[in-house]
Amino acid sequence: QVTLKESGPGILQPSQTLSLTCTFSGFSLSTYGMGVGWIRQPSGKGLEWLANIWWDDDKYYNPSLKNRLTISKDTSNNQAFLKITNVDTADTATYYCARIVDYYVMDAWGQGASVTVSS
Amino acid sequence: DVVLTQTPSTLSATIGQSVSISCRSSQSLLDSAGNTYLYWYLQRPGQSPQLLIYLVSNLGSGVPNRFSGSGSGTDFTLKISGVEAEDLGVYYCMQATHALTFGSGTKLEIK
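First, a word on scope: everything that follows refers to the structure included in this document. (Residues numbered from 1 in each chain as written. Chains lettered and ligands numbered in written order. Predicted model: local features only at pLDDT ≥ 70, side-chain atom pairs only at ≥ 80, totals over all residues. Heavy atoms only, no water.)

## Regarding the pattern of salt bridges
Residues and elements named next belong to chain B.
Here is step 1 of the chain: Tallied over the entire structure, the rule returns nine salt bridges over all chains.
Here is step 2 of the chain: Here R66 makes a salt bridge to E86, at a shortest N to O gap of 2.8 Å. Residue R66 is found in the loop between β6 (58–59) and β7 (67–72), and its partner E86 is found in the loop between β8 (75–80) and β9 (89–95); the two are separated by 20 residues along the sequence.
Here is step 3 of the chain: Residue classification places R66 among the buried positions, given a relative accessible area of 10%.
Here is step 4 of the chain: Classification of E86 as partly exposed rests on a relative accessible area of 41%. (Salt bridge = Lys/Arg side-chain N within 4 Å of Asp/Glu carboxyl O. Helix = DSSP H or I, 4+ residues; strand = E, 2+ residues; numbered from the N terminus. Buried < 20%, exposed > 50% of the residue type's maximum accessible area, 1.4 Å probe, protein only.)

## Things to note about the sheet that holds β8(B)
Residues and elements named next belong to chain B.
Here is step 1 of the chain: Taken in spatial order, the four strands line up as β1-β3-β8-β7 in an open sheet, and their pairing is antiparallel. Edge strands, defined here as strands with exactly one partner in the open sheet, are β1 (4–7) and β7. Averaged over all pairs of adjacent strands, the angle between their axes in this sheet comes to 20°, without regard to strand direction.
Here is step 2 of the chain: With six bridges joining them, strand β3 (residues 19–25) and β8 adopt antiparallel strand pairing. (Pairing = 2+ DSSP bridges. Axes fitted to C-alpha atoms, helices over the stretch in contact; angles between N-to-C directions.)

## Re the sheet that holds strand β3 (residues 18–25) of chain A
Residues and elements named next belong to chain A.
Here is step 1 of the chain: Taking strand neighbours across the sheet as the criterion, the four strands line up as β1-β3-β8-β7 in an open arrangement whose pairing is antiparallel. Bordering the open sheet on either side are β1 (3–7) and β7 (69–74), each of which pairs with just one other strand. Adjacent strand axes in the sheet meet at a mean angle of 15° when their direction is disregarded.
Here is step 2 of the chain: Two strands pair when backbone bridges link them, and β7 and strand β8 (residues 79–84) are joined in this way by six bridges, in the antiparallel orientation.

## With respect to the state of the cysteines
Residue and element names in this part refer to chain A.
Here is step 1 of the chain: This structure, assessed with the given rule, holds two disulfides over all chains.
Here is step 2 of the chain: A sulfur-sulfur distance of 2.1 Å marks the disulfide that ties C22 to C97. Disulfide C22-C97: the torsion about the S-S bond is 75°, which places it as right-handed. Of this pair, C22 sits in strand β3 while C97 sits in strand β9 (residues 93–100), placing them 75 residues apart in sequence.
Here is step 3 of the chain: Here C22 falls in the buried class, since its relative accessible area comes to 0%.
Here is step 4 of the chain: Taking the relative accessible area as the measure of exposure, C97 reaches 0% and is therefore buried. (Disulfide = S-S within 2.5 Å.)

Here is the structure:
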């Protein structure tokens, strides 16, 4: 059974760096073709893709946010990470991680982690 | 950036009714290898998104066959043949041919 769970600080202040962790089970990020993606959703709004990381450590970022994002992984501990620098209130959202399999299919999603940016 | 425009933004249906949702892309989603990376997801109230359709018309694992996808190039459609109560939620199309973007969503309400 594939499961993913996001964790984060809950609340942080503008200009700080947001660090998110995706802890997963039921698959390995060292398996050929496997990936993990990060997607966020402001309350009541739509989905925004942020970044993907692949089994071979290849990384892809949303071009509009690329200079603020860093994605990484710890294969041995089944975790993926996302850092967003210099946050502001527009980064307030629920952040999801998802497994990516063949053909970029996001076939399993975490429950989401709520992040609020507020002074 | 590729923009995906979904219509309608809200849809109201009775149980058993068939409905369609359109997703129109600002660029062709056909890549040089002949693949079209267009997907459909459903987000039920209070839940995470779940995969319905991948590569335009392939049903995700465990997805009921009342869901079907079609289209090519820039125009795509999700059809639900016989809406059931559990189908309520927001439907998103997503493309992964040119980076990755989501449509703005279509909310399905049950009358």
